[in-house]
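Here's the letter readout for the chains.
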Amino acid sequence: MLDYPWGPVAEAAFAVLGRSGEDTEANTAYVQLGSLAGLKASLPADLLRSRRIRITGSGIGSRSAEEMLAEAPEVMARFADGSLQLPYTAFPLSRAGEAWAHTGRSRAVVVPD
């Protein structure tokens, strides 16, 4: 999951991830990228104990500029030749709630109606 808003939006995502009955065997990567909705978010301890989750940040400071620039040509080449496969399920904006509840292995992407 890629999180640009943080704050209460992240807390809502954590609540969904922590629901019983969800696929707790799946490896979950949560990447915090921005703070448009707030600078702080509470992380439930039971979420950390109940599933395989890795929470990281990405931005200036998480990797050096040299490392990011060194990887850019390969990433762009893979975009260009179509070999970068990122499975996703698109949800129209009018169904954004379904995107938040999406539990499949693909990424949920909200697109305009």
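Everything that follows concerns the structure shown earlier in this document.
Read on for an overview of the structure. It should be emphasised that the depicted structure is a prediction, and the values quoted were computed from it without experimental measurement.

On to the overall build of the protein chain, then. What the protein chain contains, in helices and strands, is 4 helices and 5 strands. Listing each helix as α and each strand as β along the protein chain from the N terminus yields β-α-β-α-β-α-β-α-β. The principal-axis extent of the C-alpha atoms belonging to the protein chain is close to 40 × 35 × 30 Å. The burial tally for the protein chain puts 19% of its 113 residues in the buried class. Contacts in the protein chain between residues far apart in sequence, at least 24 positions, make up 62% of those at least 6 positions apart.

Residue pairs three or four apart in sequence face the same way in an α-helix, which turns once every 3.6 residues. Among all positions of helix H1 (residues 7-17), only Gly7, Ala10, Ala13, Phe14, Val16 and Leu17 are buried. Buried-residue contacts for H1 involve strand S1 (2-3), strand S2 (27-32), helix H2 (45-50), strand S3 (52-57) and helix H4 (96-101).

On to the side chain of Arg51, then. On the secondary structure map, Arg51 appears in the loop between H2 and S3. Only 2.9 Å separates the side chain of Arg51 from the side chain of Thr28, close enough to count as a polar contact.

On to the pattern of salt bridges. Counted according to the given criterion, the structure contains 1 salt bridge. The partner of Glu98 in a salt bridge is Arg95, and the shortest N-O contact between them spans 3.0 Å.

A few words now on the pairing of S3. The sheet contact formed by S2 and S3 spans 6 bridges and is parallel. Its bridge partner lying in S3, Thr28 is registered against Ile53. One crossover worth recording links S2 to the parallel S3 by way of H2, and it is right-handed.

Now for the layout of surface pockets. Computed from the structure, the largest pocket encloses a volume of approximately 1100 Å³. Taken together, 30 residues make up the lining of the largest pocket; nearest its centre are Met1, His102, Ser106, Arg107 and Ala108. With 5 residues, H1 is the single largest residue contributor to the lining of the largest pocket. Partitioning the lining of the largest pocket into residue classes produces 18 nonpolar, 6 polar and 6 charged. Within this model, the second largest pocket holds a volume of roughly 610 Å³. Considering the residues around the second largest pocket, the lining is formed by Leu2, Ser58, Gly59, Ser62, Arg63, Met68, Glu71, Val75, Phe79, Leu84, Leu86 and Arg107.

Pairing in this open sheet of 3 strands is parallel, and the strands run S1-S2-S3 from one edge to the other. Each edge of the sheet is formed by a strand with only one pairing partner; in this case those strands are S1 and S3. Packed on one face of the sheet, H1 meets S1, S2 and S3 and runs near 175° to S2.

Quick look at the side chain of Ser106 now. If you trace the backbone, Ser106 turns up in the loop between H4 and strand S5 (107-111). Residue Ser106 is classed as buried on the basis of its relative accessible area of 17%. Engagement of the side chain of Ser106 in a polar contact is seen with the side chain of Thr89, the distance being 2.6 Å. Here Ser106 is in contact with Pro87, Tyr88 and Thr89, once residues within four sequence places are set aside.

Basis of the calculations
Think of each chain on its own: its residues are numbered from 1, step by step along the sequence as written. It should be noted that, the model being predicted, local features are given only for residues of pLDDT at least 70 and side-chain atom pairs only at 80 or more, the latter also being counted only at that level, while totals for whole chains, interfaces and linings use all residues. As a rule here, side-chain values come from all non-hydrogen atoms in the structure, and water together with hydrogens is ignored. Only DSSP runs of H or I reaching four residues or more are called helices, and only runs of E reaching two or more are called strands; each is numbered from the N terminus. Accessible area is worked out with a 1.4 Å probe on protein chains only. A residue is then buried under 20% of its type maximum, exposed over 50%, and partly exposed in between. Whether two residues touch is decided by their heavy atoms; if any such pair falls within 4.5 Å, the residues are in contact. Contacts described as polar in this section are N or O atom pairs within 3.5 Å, which, within protein, must combine one atom able to donate a hydrogen with one able to accept it, while residues neighboring in sequence count only if both atoms come from side chains. Salt bridges are counted wherever a side-chain nitrogen of Lys or Arg sits within 4 Å of a carboxyl oxygen of Asp or Glu. A pair of strands is considered paired only if DSSP assigns at least 2 bridges between the two. Crossover handedness is defined here as right-handed if the route from the first strand over the helix to the second strand goes clockwise, with the strands pointing away from the viewer. Definitions used for this entry: grid spacing 1 Å over protein atoms alone; cavity, a set of points where a 1.4 Å probe fits but cannot get out; pocket, an open set with protein on both sides within 12 Å along at least 5 of 7 lines; lining residue, one with an atom within 4 Å of a point. Grid points are joined across faces, edges and corners, and a volume is the space filled by probe spheres set on the points. When residues are sorted by character, Ala, Val, Leu, Ile, Met, Phe, Trp, Tyr, Cys and Pro go into the nonpolar class, Asp, Glu, Lys and Arg into the charged class, and all the rest, Gly among them, into the polar class. Where helices are involved, their axes are fitted lines through C-alpha atoms of the stretch in contact, as for all axes, and angles between N-to-C directions lie from 0 to 180°.

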